[in-house]
There are 2 protein chains.
Amino acid sequence: MHGLMMDQPLLISSLLRHAERHHGDQQIVSRRVEGDIHRYTFRDMAARSRRLANVLRALDVAPRTVVATLAWNGYRHMELYYAVSGSGSVLHTLNPRLHPDQLAWIVGHAQDQILFFDLSFLPLVEQIAAQLPSVRAFVLMTDRGHMPARSGIANLQCYEELVEAAADRFEWPLFDENTASSLCYTSGTTGDPKGVLYSHRSTLLHTFGVALPDSLGLRAQETVLPVVPMFHVNAWGQPYAACMVGAKIVFPGPQLDGKSLYELFETERVTLSSGVPTVWQGLLAYVEQHGLRFSTMKRTVIGGAACPPGMLRAFVQRHGVAVIHGWGMTETSPFGTAAVLKGSQLVLGEEERFSVQAKQGRCVFGIDMKIIDDSGVELPWDGRSSGHLMVRGPWVIERYFKAPPQQQALVDGWFPTGDVATIDRDGFMQITDRSKDVIKSGGEWIGSIDLENIAMSHPAVAMAACIGVPHPKWDERPLLVVQTRPGAAVGRDELIAFYAGKVAKWWIPDDVVFVAEIPLGATGKMLKTELRKRFSDHRLPDAEGR
Amino acid sequence: MHGLMMDQPLLISSLLRHAERHHGDQQIVSRRVEGDIHRYTFRDMAARSRRLANVLRALDVAPRTVVATLAWNGYRHMELYYAVSGSGSVLHTLNPRLHPDQLAWIVGHAQDQILFFDLSFLPLVEQIAAQLPSVRAFVLMTDRGHMPARSGIANLQCYEELVEAAADRFEWPLFDENTASSLCYTSGTTGDPKGVLYSHRSTLLHTFGVALPDSLGLRAQETVLPVVPMFHVNAWGQPYAACMVGAKIVFPGPQLDGKSLYELFETERVTLSSGVPTVWQGLLAYVEQHGLRFSTMKRTVIGGAACPPGMLRAFVQRHGVAVIHGWGMTETSPFGTAAVLKGSQLVLGEEERFSVQAKQGRCVFGIDMKIIDDSGVELPWDGRSSGHLMVRGPWVIERYFKAPPQQQALVDGWFPTGDVATIDRDGFMQITDRSKDVIKSGGEWIGSIDLENIAMSHPAVAMAACIGVPHPKWDERPLLVVQTRPGAAVGRDELIAFYAGKVAKWWIPDDVVFVAEIPLGATGKMLKTELRKRFSDHRLPDAEGR
């Protein structure tokens, strides 16, 4: 016996319809690639998305074909989010920070038919256009005045001209909510990038999860500025969530330096933002150098990498900005956990609270998790046992795009995240390492992230990576690789002494090496594989002595 | 092309699993029918729900059959919510305030197989048991010590004995999320009651909607006390939402007087509650008579009937408790709208804010609405035009339970609510009347609710109903029916003069009659049909003169 409620599919177009009908006057503000500030409403955005859907139709984009974007966070990108998915095609957001060859590989793998791109990526697209045989049309996301006089790209079209010429009547089609809506490739520090194909259903459920009070807690009174890119993991779903709740949304475009962000926060009265630690580092540095304060910012969401404890304190204690430490990945849409205190934790002192908030947090409804050891046995939630983190839920990947049938993404129905983590009895998960980065010493695991955070709390250290290097007795021992701050200096012995009392003795790195620059990947993560290769022959000082 | 995310059905059991795994220590506190306070955790509740699912199996309850409850808000009722729906059967919550004959009719119509009921309803069940041929077993929701020595009910079983004897291992089955989960009948002031059959999917989507920040805004730090009954519209989904977010939940049992509620609010540190205006009236009166204050209450949700403006002010201005005025009905699961300010409304002065918050509010994502005139033409959202309110959404009814095929619940895909409302340009809906209660005077509509609210703001008036009575020239004119407060007195002319300047002149009631008691229906609503019958021959003073 089925229930007798209305059968309405969960479609991305329903978010747009809600925003237009119930929050039509709400603003969308964008710092444009062209340099100026653009401002319009959800009503305008909905009307232009309909025009854009007609443009897609005119470009012969059939339902279920793939349309790519190479763009910053901005209103035209948001129009593409809704027009492409809403009309039944698949939005493929490309990460411009990838190597051009890798980009071309991804476009070919996904068989992207149209490529929409921002003005700043014109040189990049000119460079790779010849390598993109699947792309039938290139659309530059700008107006006639900013179009290049000549370009090496055949069939280069102008976004604004196309949109203006199109009719604004378009009925968003109804279809199965399991239809693919969007596609994002993992950055792939090892092997080829892998595509994650989201559905309308997974996107809508994820949007509910993101908007919940203990997640981003988005509401119509909020002004949200997503620094996390729309070209990667859909800006944590904020372009969708803003429509769901009617929040004002502010797009920073390409200017993510501290000064540009701070100015936008203040002029647009931003109350909530979200980004990776490196961006916040720049913002905090700017604000503190100039003795400024945030006059409207109430909360910031930090994810993408572990939030250094010092940053948490700086926001909370010095600036009165609450920090929501979150975790997720491309394969989880991405929102998985957030470190928002439970009622029972409100009695904790400030230091204890910080140590809870420094964790990646507890599961939003929809996501479940567990930790297992190397042989698959589930480990207890005691805050100490660390194991491979496995997750599942309706917005977690089932398998990769175009993966051969024998390639299973899941293990017993759970997705192995590749992270090593602990879970405490309150359900707060803390990542201690990547599975491939964990240092195995004498049969025990040493988490590299803790060791790196300690090193980075030393004033002379700009960045630190901790890797395992071979050791005759212990299999592996930790080696600390350090990039010092410009003008600062610190010695090996001083750094090793710096660990005293901060971790168990056997966790302390055996040695330190200094490098000019720690290599970073396309999403700003340290490339430890390269470091491991480079230092695979490193002779630890006591490798014979023990 | 389908997305490649995990295919997980939206099931009520997933809420329970989340609560147990991620909020196992969170508390559930109940004032029991037996008189004492009961306290346990989500972990305990989940374990007992599994036992109860085994009890249902032992009682031969097959999936998709209907199990009824006649119970107050309490932990055993919550166990039934999860065990019955979670195991694939249908939970039918009966409203004990209905007439016994109507209850028997509903049980027969739904073909309820088992009836679980609270101790307070033993006399009622003894009275009607013989009229319930479909019911195979009666289970009294209490322990052995409270079982009656003898009872007229054959096969009367003891809840605690059954639960304690059952195994606590039970795997919640996976099935189609469109499967029916629960059933609730409308109170039916006219005609036979009609059943609304919810599904797991509609319930889960509704739960997301209820928990969103601009709805109830439920979070793990919150302690929620639902006064709205679990026997009607699922206590606005709070037993589900508490599990989704891990909020502490406090059940008041049968004691809904001001003193009992206030004590529970204080001892359990309740931060959020929800109820109909009549309950809050009693609570406010108690608090103000005794010069008390709320030490933890931050927000109260008021729905079920329009919140009188005076109550809104009392909570906000005198007690610092925010009021969320909401609207919904059995057919909408029930959550539809909430009057939570938008960002653009934060600049309003206090009086203007009150007038926005006195409206029923704007749509939560998922629900859409429109207003139409008698001929079906859509009316503008100008805050003045009033028309029949139509809604739709994935938790809105498609058709009534066991309705004959020719009986359509919808008009062009929209559900006619039976309310008359305006919608302003911000999307805030305000109910001006029930369609059947609207007073049609000279081709224009007069909303009875406004007129009643004004009368009820007079200190001598306990309750007021405004009905249309026949008029030779204007078709209908308003007649005010008044029940005065004990010991208070007010005259006809004084009340009519009281309207001066408060509404348009032609809206002012033509006459006033005083009654000892205004008749109320099973959900506390005024029975205007009875009043209209009683006063159908009432001669208005100027019926000849105009």
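Everything numeric in this text was worked out from a predicted model, so none of it was measured.

K.L.:
How would you sum up the confidence of the model for chain A? Please name residues and give values.
P.N.:
Summary statistics for chain A give a mean pLDDT of 94 and a share of 98% for residues scoring 70 or more. In the model output, the complex is listed with pTM 0.92 alongside ipTM 0.91.

K.L.:
Give me the lowdown on the relation of the copies chain A and chain B, citing residues and values where you can.
P.N.:
Note on the copies: chain A fits chain B at an RMSD of 0.1 Å, the axial shift is 0.0 Å, and the rotation between them is 180°. Those values place the two copies in the arrangement expected of a two-fold rotation axis. Take the interface residues of chain A: 100% of them recur as interface residues in chain B, which is what a same-surface contact looks like.

K.L.:
Hey, could you go over helix α2 (residues 42-58) of chain B for me, with residue numbers and the actual values?
P.N.:
Look at α2(B): 24 Å from first C-alpha to last across 17 residues, which is about the 24 Å you get at 1.5 Å a residue. Of all the positions in α2(B), only F42(B), M45(B), A46(B), A47(B), R48(B), S49(B), R50(B), L52(B), A53(B), N54(B), V55(B) and L56(B) are classed as buried.

K.L.:
Any chance you could break down the pattern of salt bridges for me, citing the residues and the numbers?
P.N.:
All names here are of chain A. Tallied over the full model, the rule gives 62 salt bridges over all chains. D25 is the partner of R43 in a salt bridge, and the nearest nitrogen-oxygen pair spans 2.8 Å. With R43 in helix α2 (residues 42-58) and D25 in the loop between α1 (12-22) and β1 (27-31), this residue pair connects regions lying 18 residues apart in the sequence. A salt bridge links E222 to K298; its shortest N-O distance comes to 3.7 Å. Of this pair, E222 sits in the loop between α7 (200-211) and β10 (223-226) while K298 sits in the loop between α10 (277-289) and β13 (299-302), placing them 76 residues apart in sequence. For E222, a relative accessible area of 3% gives the class buried. Through salt bridges with shared partners, a single network forms among E34, R48, R76, E79 and E160.

K.L.:
How would you explain the sheet that holds strand β20 (residues 429-434) of chain A if you had to name every residue and give the values?
P.N.:
Residues and elements named next belong to chain A. If you trace the four strands from one edge of the open sheet to the other, you get β17-β18-β19-β20, paired in antiparallel fashion. With one partner strand each, in any of the chains shown, β17 (368-372) and β20 form the two edges of the open sheet. With direction set aside, neighbouring strand axes in the sheet form an average angle of 50°. Pairing of strand β18 (residues 387-392) with strand β19 (residues 415-423) involves four bridges; the strand directions are antiparallel. Looking across to β19, one finds that G387 is bridged to A421.

K.L.:
Report on the state of the cysteines, specifying residues and quantitative values.
P.N.:
Throughout the structure, instances matching the rule amount to zero disulfides over all chains. There is no disulfide at C184(A), and the cysteine sulfur nearest it, in C243(A), is 19 Å away. Just so you know, C243(A) is unpaired, no disulfide at all, and the nearest cysteine sulfur is the one on C363(B), 15 Å from it. Accessibility expressed as a relative area gives 0% for C243(A), which makes it buried.

K.L.:
Outline the environment of H77(B), listing residues and values.
P.N.:
Structurally, H77(B) can be placed in helix α3 (residues 75-86). For the pair H77(B) and L348(B), spaced 271 residues apart in the sequence, the C-alpha separation amounts to 43 Å.

K.L.:
For the interface of chain A and chain B, give the residues involved together with the corresponding values.
P.N.:
Taken together, the 81 residues of chain A in the interface contact 81 residues of chain B. Buried surface at the junction of chain A and chain B, both sides included, amounts to about 6,300 Å², of which 59% is carbon and sulfur. On the chain A side of the contact with chain B, M1(A), M6(A) and F365(A) bury the most area, a combined 15% of that side's loss. Across the contact surface, chain A and chain B share eight salt bridges. Residue R425(B) pairs with D25(A) through a salt bridge whose shortest N-O separation is 2.7 Å. For the interface between chain A and chain B, the tally reads 36 residue pairs in polar contact (both at pLDDT 80 or more). No other element matches the seven residues that α7(A) contributes to the side of chain A that touches chain B.

K.L.:
Requested: an account of the side chain of H200(B), with residues and values cited.
P.N.:
All names here are of chain B. Structurally, the position occupied by H200 is in helix α7 (residues 200-211). Residue class for H200 comes out buried when judged on its relative accessible area of 0%. Setting aside its immediate chain neighbours within four residues, H200 contacts L10, L11, I12, S85, G86, F175, E177, T179, A180 and S181.

How each quantity is defined
- Every residue gets a number counted from 1 within its own chain, in the order that chain's sequence is written.
- By the order in which they are written, chains take letters starting at A while ligands take numbers starting at 1.
- Local features in this predicted model are restricted to residues whose pLDDT is 70 or higher, and side-chain atom pairs enter the listing and the counts only when it is 80 or higher, whereas totals over whole chains, interfaces and linings include all residues.
- As a rule here, side-chain values cover all heavy atoms of the structure and leave hydrogens and water aside.
- What pLDDT conveys is the predictor's confidence in a given residue, as a value from 0 to 100.
- The least-squares superposition of copies is restricted to C-alpha atoms, and to residues with a pLDDT of at least 70 in both copies.
- Throughout, a contact is declared for two residues whenever any of their heavy atoms are within 4.5 Å.
- Secondary structure follows DSSP: runs of H or I at least 4 residues long count as helices, runs of E at least 2 residues long count as strands, and numbering of each begins at the N terminus.
- How far a helix is expected to stretch is found by multiplying one less than its residue total by 1.5 Å.
- For every residue, the accessible area (1.4 Å probe, protein chains only) is compared with the maximum for its type, and the residue is labelled buried under 20%, exposed over 50%, or partly exposed between those bounds.
- Salt bridges are defined by distance alone: a side-chain nitrogen of Lys or Arg within 4 Å of a carboxyl oxygen of Asp or Glu.
- In short, DSSP must find at least two bridges between two strands for them to pair.
- Geometry is summarised by axes, namely lines fitted to C-alpha atoms with helices restricted to the contacting stretch, and by angles between N-to-C directions that run from 0 to 180 degrees.
- A pair of cysteine sulfur atoms is labelled a disulfide when the two atoms are within 2.5 Å.
- Accessible area that two parts lose when put together, with a 1.4 Å probe and added across both, is what the buried area reports.
- Pairs of N or O atoms are called polar contacts if they sit within 3.5 Å, as long as, within protein, a hydrogen donor faces a hydrogen acceptor (for residues adjacent in sequence, only side-chain-to-side-chain pairs).

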